[in-house]
Amino acid sequence: MKRLATALSALAFAALAPPLHAEHIDVRAAFVRAPHSPDTLSILDVPAEDDAIAGARLAVEDNNTTGRFLDQSFSIDDAPVDSGASAVAAVKRLVDEGVFLILADLPGPSLLELADAMRDKPVLLFNISAPEDMLREENCRANVIHVAPSYSMLADGLAQYLVWKQWKRWLLIKGPHPQDELYAGALRRSAKKFGAKITDERVYEDTGGGRRSDSGSVQTQRLVPAATQNAAPYDVLVAADESEVFANYLPYRTFDPRPVAGSAGLKPLSWDGSHEQWGAIQLQNRFVKLAARRMNERDNQAWVAMRMIGEAVSRTGSGDPKVIRDYITGPEFAIAAFKGQKQTLRHWNQQLRQPILLGDGRMIVSVSPQEGFLHQTSELDTLGFDQPETKCKLP
């Protein structure tokens, strides 16, 4: 019976799959990554050496499982970029070698520079980490597919839950760095969008020094209460600390006994190591077997990007970047990513629609969009900039 079931499954797959091609299709992608700082507040957050690319490698295995039936093979090259160096030179070398599919784990400005440098080349970039909204809006580029959620999507996902809980009064604390302000701006927009109110706003100054070596429980136990004292009445403290200077110090140390959300406490995420619903535990277990650690956000975003490539190649029978882009941005594309519903691409800014997980570091508390937040096309479009709001103008 088991052999019969296997044979029937193979026949069913063959019936649904695209026709086999006479020529073998070899799809070669590259993972271009800038180093991420190991200077984190918690030793649990220090990035692994294979951070993010491990997810891409797992997706290559998944793509090749299907590819064996279709005479297709997939591979991923690791192309690290030295700190402070431009990614453009690295990608030009890859293009000279015939690699045109690039998974980019780069800061926003570097990604934009790379997209502009590759404008006249047949290169397709997959943004797996940069959350800046400007990359999807006024500075959107036709050769960039955004897999990572934007600041506005993350902030909207958090805001929906806080409003659903009737925690509508927020104390906003942000860091002094540009990325902190970008996230804070998204949180302000979300508060206005969903009917919350920021009753007070504070700036937590970065005094420099080594994160863990120069902190200490006694010092933070004195500083955090002082930084949150005499605030206007609020229900929840919302932190914008993209530079990871202070947010993880906030829970249990604030002057008033209030929950913490944003960059610490209840965090909006694309993925979390504790996520196990909708078959996610199967993906988690396979990743642990490959990497000997739990899957994080960048790992998952890299996995999704490589699976998007695999899906496009299997459906179109082509490894051409233009054909892949046309399929991914078209109406037939959808990707199953273990988050409760299939994910599709917003054609107006090439951002992947996706649910936002809300986690506390131990488990998933909720998933947005929340019940009652409706949309005429897709409830996922309640997260981030909707089509009538977009400033993106693609050719």
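So, here's what we can say about the structure. (Residues numbered from 1 in each chain as written. Predicted model: local features only at pLDDT ≥ 70, side-chain atom pairs only at ≥ 80, totals over all residues. Heavy atoms only, no water.)

1. Quick look at the side chain of R353
Note that R353 resides in the loop between β12 (351-352) and β13 (356-359). Within polar-contact distance, the side chain of R353 engages the backbone oxygen of L345 at 3.1 Å. Discounting residues that sit within four places of it in the chain, R353 has contacts with Q343, T344, L345, R346, W348, S378, L380 and D381. (Helix = DSSP H or I, 4+ residues; strand = E, 2+ residues; numbered from the N terminus. Polar contact = N/O pair within 3.5 Å; in protein donor to acceptor, adjacent residues only side chain to side chain. Contact = heavy atoms within 4.5 Å.)

2. A word on the environment of V313
Looking at the secondary structure, you find V313 in helix α9 (residues 297-316). For V313, a relative accessible area of 0% puts it in the buried group. Through-space distance from the C-alpha of V313 to that of D241 is 39 Å; in sequence the pair is 72 residues apart. Other than its neighbours up to four places away in sequence, V313 contacts I25, V27, Q72, F74, S318, G319 and I324. (Buried < 20%, exposed > 50% of the residue type's maximum accessible area, 1.4 Å probe, protein only.)

3. Looking at unusual backbone geometry
Of the consecutive residues S368 and P369, the connecting peptide bond is found in the cis state with omega at 15 degrees. Positionally, P369 belongs in the segment after β14 (364-368). Of note, D71 is a non-glycine position whose phi angle comes to about 60 degrees, a positive value. Within the fold, D71 resides in the loop between α2 (53-70) and β2 (72-80). Using a relative accessible area of 33% as the deciding quantity, one classes D71 as partly exposed. Positive phi, close to 60 degrees, is recorded for A292, a residue that is not glycine. Its place among the elements puts A292 in the loop between α8 (280-291) and α9.

4. A few points about the side chain of D156
As for its position among the elements, D156 is in helix α5 (residues 151-164). One polar contact links the side chain of D156 to the main-chain amide nitrogen of G384, over a distance of 2.8 Å. With residues near it in sequence (within four places) discarded, D156 still touches R189, S190, K193, F194, T382, L383 and G384.

5. Quick notes on the pattern of salt bridges
Tallied over the entire structure, the rule returns 23 salt bridges. Two residues, D299 and R293, come together in a salt bridge whose shortest N-O distance is 2.6 Å. Taken as a pair, D299 and R293 share a single burial class, namely buried. With a shortest N-O distance of 2.9 Å, K322 and D326 are connected by a salt bridge. Note that K322 and D326 are positioned in helix α10 (residues 321-328) at a spacing of four residues, about one turn of the helix. (Salt bridge = Lys/Arg side-chain N within 4 Å of Asp/Glu carboxyl O.)

6. Things to note about the sheet that holds β14
On the basis of which strands lie adjacent, the open sheet formed by three strands has the order β10-β13-β14 and antiparallel pairing. Two strands lie at the open edges of the sheet, namely β10 (267-269) and β14, each paired on one side alone. Adjacent strand axes in the sheet meet at a mean angle of 30 degrees, parallel and antiparallel pairs treated alike. Two strands pair when backbone bridges link them, and β10 and β13 are joined in this way by three bridges, in the antiparallel orientation. Across the sheet, L269 pairs through a bridge with L357, a residue of β13. (Pairing = 2+ DSSP bridges. Axes fitted to C-alpha atoms, helices over the stretch in contact; angles between N-to-C directions.)

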